[in-house]
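Topology and contacts: notes
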Amino acid sequence: MTAVKPHHTPAPAVVVDLSVADLRCRLHDALAVYVAAMDYPRGTERHRAPMWTEHTTRPGWRAVAAMTPDSSGRIDVRKAPLTAVAYGYRGDTRQWWHQQVDSGMRRSGWPEHSARELLSDYFELTELHVHPTTQGRGIGATLLERLLRDRTERAVLLSTPEVDREDNRAWRLYRRRGFSDVIRNFVFAGDNRPFAILGRRLPL
């Protein structure tokens, strides 16, 4: 009689905070998740690395990641397998994204005072990505909640690619967490893909 080997269930990912030094140490791994989640061509990470590094210097920057613990249940942030990442920072009038969204809101008919109020105090959720092999396990929701916990800004804003009938996991996550439309079918300078700008009041 052949012995049946016990089925090994991988340890669930654990969401942890990342310091600036942690993110810079794991930048290659974080960008690999980003490229896989967004289905970008290989090599995109080389172009994005300087931008992600610069973002760590911005006021209010915060990052979280999902990592797989070792067999003893411990996580070495510098070595553990990284399966998801999210970060953002406080929005500011000097930032390119802020300027693009401000212009888009006015062109789409937002009253000037309303646009000014929303953009005066917000957290920009810059990136949130879960590797395709670990999607569908609630990791994205945990990342979002951890990243936005105890933020002092009045609102959070993000951009996400437009998808037919909003039919993907990112859209479903944002809708479940109360994000509403700010601008739809917005095209950023230098990118011909349509994006949606979504936002909601904080706390989450």
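You'll find the structure just up there.
Predicted model only: the values in this text are computed from it and were never measured.

Our focus in this paragraph is the layout of surface pockets. Its volume calculated, the largest pocket comes out at about 1,200 Å³. If you go around the largest pocket, you meet 44 residues; those closest to its centre are Met38, Glu127, His129, Ser159 and Pro161. Mapped onto the lining of the largest pocket, the elements with two or more residues apiece are helix H2 (27-38), helix H3 (44-55), helix H4 (96-107), strand E4 (122-130), helix H6 (139-148), strand E5 (155-161) and helix H7 (169-176). By residue number, the principal contributor to the lining of the largest pocket is E4, which donates seven residues. A class-by-class count of the residues in the lining of the largest pocket yields 22 nonpolar, twelve polar and ten charged.

Tallied over the full model, the rule gives 21 salt bridges. In this structure, Glu54 and Arg58 form a salt bridge, with 3.0 Å as the shortest nitrogen-oxygen distance. Its relative accessible area of 36% is what places Glu54 among the partly exposed residues. Residue Arg175 is joined to Glu166 by a salt bridge in which the shortest nitrogen-to-oxygen separation is 2.9 Å. One connected set of salt bridges, linked through shared partners, spans Arg90, Asp121, Arg151, Glu153 and Arg154.

Per the stated rule, a full pass over the model turns up nine aromatic pairs. Each residue in the set Tyr34, Tyr40, Trp52, Trp61 and Tyr87 is aromatic and connected to the rest through ring pairs, giving one cluster.

Turning our attention to the packing of H4 against helix H5 (residues 112-119). In the contact formed by H4 and H5, the axes pass within 10 Å of each other and the chain directions differ by 155°. When the interaxial angle is binned, H4 and H5 end up roughly antiparallel. Our pair here, H4 against H5, has a crossing hand that is right-handed. In contact with His98, Val101, Asp102, Met105 and Arg106 of H4, H5 contributes Glu112, Ala115, Leu118 and Leu119. Residue composition of the contact of H4 with H5, grouped by class: five nonpolar, one polar and three charged.

Before going further, it helps to examine the environment of Phe123. In this fold, Phe123 is placed in strand E4. What makes Phe123 buried here is its relative accessible area of 0%. On a C-alpha basis, the gap between Phe123 and Gly88 in space is 6.9 Å, while along the polypeptide they are 35 residues apart. Ignoring anything within four residues of it in the chain, the contact list for Phe123 reads Gly60, Gly88, Tyr89, Arg90, Leu147, Leu148, Arg151, Glu153, Ala155, Val156 and Leu157.

Reading the values: rules and limits
Residues numbered from 1 in each chain as written. Predicted model: local features only at pLDDT ≥ 70, side-chain atom pairs only at ≥ 80, totals over all residues. Heavy atoms only, no water. 1 Å grid on protein atoms, 1.4 Å probe; cavity = no way out; pocket = protein on both sides within 12 Å on 5 of 7 lines; lining within 4 Å. Points joined across faces, edges and corners; volume = space filled by probe spheres on them. Helix = DSSP H or I, 4+ residues; strand = E, 2+ residues; numbered from the N terminus. Nonpolar A, V, L, I, M, F, W, Y, C, P; charged D, E, K, R; others polar. Salt bridge = Lys/Arg side-chain N within 4 Å of Asp/Glu carboxyl O. Buried < 20%, exposed > 50% of the residue type's maximum accessible area, 1.4 Å probe, protein only. Phe/Tyr/Trp six-rings, centres within 6.5 Å; stacked < 30°, edge-to-face > 60°. Axes fitted to C-alpha atoms, helices over the stretch in contact; angles between N-to-C directions. Parallel < 35°, antiparallel > 145°, perpendicular 65-115°, else oblique. Left-handed = near helix turned anticlockwise from the far one by under 90°. Contact = heavy atoms within 4.5 Å.

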